[in-house]
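Commentary on secondary and tertiary structure
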Amino acid sequence: MKILFLFYTQSEAGAPGFLSRNGEESAGNLAQTLFGFASETLRLPLDDAFESRAQSLAEDIRWRAFKKPESFEQAIRAASQFYPDLLLFSGEATRSLKTAEPVAQACALPVCVDARLDRCSEDKPRQGVLAEAIQDLISTHVDILSQKPRTIWIATSQKALLEWTASLMDAQKWNEFSDVFVKSTMNDTIPAVFACGYEKTAGVPRWVLD
């Protein structure tokens, strides 16, 4: 099993429950960039049946129910049946969800929500962290799918992503990475993307970092 993971961070917050104008613009730019990457680089035919997928997402009440964290398992199964090659995920913080929204609209795909996906150990009350969510996502859910996704995209927070990547890199490499990443997000105001590969061979999993 080989899966390309893309993690993208949050756009700038605005009024409660909304992004700022800069946040909305940067989330829109992110959506266009990711759609182009999926279509041109990964060669995913997202334009095929786009209108029917968009109509289903707008009219079928199950997709609204599947945005609730307690429906996570059912949401993954339904999303995989809907479009198996690309699965979208998000934490439940407003900034994560609002950043994921234009990505989902651009691809006409549903978003599966797990509160832990944008949380780090500093967040209170403790509800789990990104590392735990990823482990459960792969071992509990993705492993049992009859058709594995080619790529998984996750809307997360900068703090959660940096905490998780610290466990994957040596200290020097992580310090260099985190410095560049924070600058790329303009101190956590615009989204930035981190890509890595996950593979499992002969039952042995590993992360591939470029």
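Look up a bit, the structure's there.
So, here is what we can say about the structure in this document. Nothing here was measured: the structure is a model prediction, and the numbers come from that model.

Ranked by size, the top nonpolar core spans 32 residues in total, and within it Phe 5, Phe 7, Phe 89, Leu 137, Ile 152 and Phe 194 carry the most contacts. With near-sequence residues (within four places) excluded, Phe 5 lies in contact with Leu 137, Ile 138, Ile 152, Ile 154, Phe 194, Ala 195, Cys 196, Tyr 198 and Trp 207. Within the second largest apolar cluster, 24 residues are counted, among which are Tyr 8, Leu 30, Phe 82 and Cys 107.

Inspection of the entire model under this criterion finds eleven aromatic pairs. Look at Phe 7 and Phe 194: their rings are 6.4 Å apart centre to centre, the planes differ by 35°, and that puts the pair in the tilted class. Here Phe 7 is found in strand β1 (residues 2–8), whereas its partner Phe 194 is found in strand β5 (residues 193–201), with 187 residues between them in sequence. Phe 194 matches Phe 7 in its accessibility class, with the two residues each being buried. A ring pair is formed by Trp 63 and Phe 82, whose centres lie 4.8 Å apart and whose planes are at 55°; its orientation type is tilted.

Before going further, it helps to spend a moment on the sheet that holds strand β6 (residues 204–208). An order of β3-β2-β4-β1-β5-β6 is seen for the six strands of this open sheet, with the pairing classed as mixed. Every interior strand has two partners, whereas the edge strands, β3 (111–113) and β6, have only one. Here the strands of the sheet are splayed against their neighbours by 25° on average, with no regard to which way each runs. The pairing of β1 with strand β4 (residues 151–155) spans five bridges and is parallel.

Residue Pro 125 is reached from Lys 124 by a cis peptide bond, and omega for that bond is -5°. Structurally, the position occupied by Pro 125 is in the loop between β3 and α6 (130–141). The backbone of Arg 43 sits at a positive phi, close to 60°, despite the residue not being glycine. With a phi angle near 70°, Asp 188 is a residue other than glycine that sits in the positive phi range.

Moving on, we get to the pattern of salt bridges. The final tally for this structure, using the stated rule, is nine salt bridges. The partner of Arg 126 in a salt bridge is Glu 132, and the shortest N-O contact between them spans 2.9 Å. Of the charged contacts, one joins Arg 206 and Glu 199 as a salt bridge, the two residues approaching to 2.6 Å between their closest N and O atoms.

Of all seven residues in β1, five are buried; the element is thus mostly enclosed. Judged from the seven bridges that link them, β1 and β5 form a sheet pairing that is antiparallel. Considered in β5, the bridge of Lys 2 is made with Glu 199.

About the cut-offs
Residues numbered from 1 in each chain as written. Predicted model: local features only at pLDDT ≥ 70, side-chain atom pairs only at ≥ 80, totals over all residues. Heavy atoms only, no water. Core = buried A, V, L, I, M, F, W, Y, C linked by side-chain atoms within 4.5 Å. Buried < 20%, exposed > 50% of the residue type's maximum accessible area, 1.4 Å probe, protein only. Contact = heavy atoms within 4.5 Å. Phe/Tyr/Trp six-rings, centres within 6.5 Å; stacked < 30°, edge-to-face > 60°. Helix = DSSP H or I, 4+ residues; strand = E, 2+ residues; numbered from the N terminus. Pairing = 2+ DSSP bridges. Axes fitted to C-alpha atoms, helices over the stretch in contact; angles between N-to-C directions. Salt bridge = Lys/Arg side-chain N within 4 Å of Asp/Glu carboxyl O.

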